Amino acid sequence: MINNLIKAVTTSILVPLKSVMRQVLLIVLAIAFASILIWISGYSIFSVFDGLWSGITKDLAGTLRWTTPLIMTGLAVAVAFKTGAWNLGVDGQLYMGALAATAVSLLGKEMPGFILLPLVVIAGIVAGTLWALIAGLLRTQYGANDVVTTLLLTYVAFHFTDYMIHGPMKSGQYGPAESSEIIPKSVWLMKLIEGSSV
């Protein structure tokens with residue numbers, strides 16, 4: 001009885017601890033591998049990591065701004081992995097969603113924000129979903145490998161977005177800078193941290 005109790009308590013402590021230690025080990029290995037690559041490239045390891053640390057800590061709002069799309073796309077990949085699909089083309093889905101959201105916001109710039117903002121969000125969701133649906137249909141209908149199709153569709157999405165920004169959606173207001181027109185302020189999201197880009 002006591003042995004079973006000790007075993008249960010030990011298991012309940014050691015199993016989560018083992019999982020945490022595994023994650024810590026992976027982080028340490030990633031830092032070690034990155035350090036080797038930095039050293040081989042001829043850069044100072046300490047300068048690079050110091051710059052990385054100060055970039056994170058001195059501009060937390062900027063860090064949040066640039067990491068949010070990465071976190072969201074990472075979560076999208078995690079959901080797909082749980083279903084057994086290898087959705088490695090999430091970048092392309094992000095591109096197509098952003099392109100559709102930009103197009104809708106520019107086409108509806110005369111609309112009030114409370115109507116336009118939901119339309120912009122829905123357009124982004126639908127475009128990203130439809131882009132993922134192509135790979136899904138290729139997998140279910142023709143047995144195509146989803147790793148290959150999602151990765152290749154990412155390049156198609158990137159080049160299509162590039163074409164649209166250099167061509168039909170190009171603003172021309174900013175000289176040689178390649179960008180669309182600025183989306184209407186009515187669909188800008190409110191700032192969470194005053195005086196920052198977040």
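Before going into details, it helps to say that this report is about the structure given with it. (Residues numbered from 1 in each chain as written. Predicted model: local features only at pLDDT ≥ 70, side-chain atom pairs only at ≥ 80, totals over all residues. Heavy atoms only, no water.)

## Notes on a nonpolar patch on the surface
Taken together, F33, I36, L37, W39 and I40 make up a surface patch of nonpolar side chains, about 600 Å² in accessible area. With respect to the secondary-structure elements, I36 resides in helix α1 (residues 2-40). (Patch = residues over 30% accessible without salt bridge, like charges linked within 9 Å, V, L, I, M, F, W, Y side chains within 5 Å. Areas by Shrake-Rupley, 256 points an atom, 1.4 Å probe, with all protein chains shown as cover. Salt bridge = Lys/Arg side-chain N within 4 Å of Asp/Glu carboxyl O. Helix = DSSP H or I, 4+ residues; strand = E, 2+ residues; numbered from the N terminus.)

## Digging into the environment of S186
Along the polypeptide, S186 turns up in the segment after α6 (146-166). Judged by its relative accessible area of 32%, S186 is partly exposed. A C-alpha to C-alpha distance of 9.5 Å links S186 and E110, two positions 76 residues apart in sequence. Residues contacting S186, with those up to four places away along its chain left out, are M111, G113 and L116. (Buried < 20%, exposed > 50% of the residue type's maximum accessible area, 1.4 Å probe, protein only. Contact = heavy atoms within 4.5 Å.)

## A short note on the nonpolar core
Judged by nonpolar contacts, M96, W131, A135, L153 and A157 together constitute the single largest core of five residues. Going through the elements one at a time, α5 (113-142) and α6 are the ones with two or more residues in this core. Non-local contacts of A135, meaning those with residues more than four positions away in its chain, are made with T149, T150 and L153. (Core = buried A, V, L, I, M, F, W, Y, C linked by side-chain atoms within 4.5 Å.)

## Concerning the pattern of salt bridges
Inspection of the entire model under this criterion finds two salt bridges. As a salt-bridge pair, E181 and K109 come within 3.0 Å of each other at their nearest N and O atoms. Within this pair, whereas E181 is found in the segment after α6, its partner K109 is found in the loop between α4 (90-107) and α5, the two being separated by 72 residues in sequence. Of the residues examined, E181 reaches a relative accessible area of 32% and is grouped as partly exposed. Look at K109 and you get partly exposed, because its relative accessible area is 39%. Between R139 and D146 there is a salt bridge, with the nearest N and O atoms lying 3.2 Å from each other. Note on R139: relative accessible area 37%, which makes it partly exposed. On the basis of relative accessibility, which here comes to 10%, the residue D146 falls in the buried class.

## Comments concerning the packing of α5 against α6
One can describe the packing of α5 onto α6 by two numbers: an axis separation of 9 Å at closest approach and a directional angle of 150°. Along this stretch, α5 crosses α6, giving a crossing that reads as right-handed. Contacts from W131, I134, A135, L138 and R139 of α5 reach α6 at D146, T149, T150, L153, V156 and A157. Each residue belonging to the contact of α5 with α6 can be placed in one class, and the counts come to seven nonpolar, two polar and two charged. (Axes fitted to C-alpha atoms, helices over the stretch in contact; angles between N-to-C directions. Left-handed = near helix turned anticlockwise from the far one by under 90°. Nonpolar A, V, L, I, M, F, W, Y, C, P; charged D, E, K, R; others polar.)

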